[in-house]
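This is what each chain is made of:
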Amino acid sequence: MKHLLIIYHSQSGKTATMAHAIRRGATDPDIESVEVRTRMAADAGPSDLLWCDAVVFATPENFGYMAGAMKDFFDRTFYPCQGRLEGTPFAVVVGAGNDGTGALAALRRIVRGFPMNEVQEPIVCNGPLGREMLSRCEALGATMAAGLEIGVF
């Protein structure tokens, strides 16, 4: 059994909705050998990262940066996990009010220090969340889980 972790923070509900769409895709009935764990950043810790074989980080863009709760998650997990996650596949989703580039750049910079391996193009939702964006999030979840299942990642 492989393990996919979805870590997210959401204040308005937009990023939570995106994270739940990722989970829907990852738990498709055709994917049988991947267990999915979804955690809010404030509730997640080192044991969650050490459990997973791949991770999706979903954060809102706050003041051109990732959510403070996501930064706190990285602060709490970096040293306990340092050197133990090398090459772990990851993907990023940003619920942006602006262009999302600041949040994406900051998150990537931190994750490089673990160091993990980005395996999917990021999804950045600028403005309101629509059906097309939710479909992209579902596809991301399905791709991450299927990639784990067949050994691509």
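Preceding this section is the structure that the text describes.
Residues numbered from 1 in each chain as written. Predicted model: local features only at pLDDT ≥ 70, side-chain atom pairs only at ≥ 80, totals over all residues. Heavy atoms only, no water.

Draft legend 1. How the structure looks around the side chain of Thr88. Counting through the fold element by element, Thr88 comes out in the loop between helix H3 (68–81) and strand E5 (89–96). Taking relative accessible area as the criterion, Thr88 reaches 10% and is therefore assigned buried. Beyond its immediate stretch of four places on either side in the chain, Thr88 contacts Cys52, Asp53, Ala54, Pro115, Met116 and Asn117. (Helix = DSSP H or I, 4+ residues; strand = E, 2+ residues; numbered from the N terminus. Buried < 20%, exposed > 50% of the residue type's maximum accessible area, 1.4 Å probe, protein only. Contact = heavy atoms within 4.5 Å.)

Draft legend 2. Examining unusual backbone geometry more closely. The omega torsion across Phe114 and Pro115 is -15°, close enough to zero to call that bond cis. Residue Phe63 is not a glycine yet carries a positive backbone phi of 55°. You can see Phe63 is positioned in the loop between strand E3 (54–62) and strand E4 (65–66).

Draft legend 3. View of helix H1 (residues 14–26). With 13 residues, H1 should cover 18 Å at 1.5 Å per step; its first-to-last C-alpha distance of 19 Å lies within 8% of that length. For H1, every residue scored as buried is listed here: Lys14, Thr15, Ala16, Met18, Ala19, Ala21, Ile22, Gly25 and Ala26. Of the surrounding elements, those touching the buried residues of H1 are strand E1 (2–8), strand E2 (34–40), E3, E5, strand E7 (123–126) and helix H5 (131–150). (Expected span 1.5 Å × (residues − 1).)

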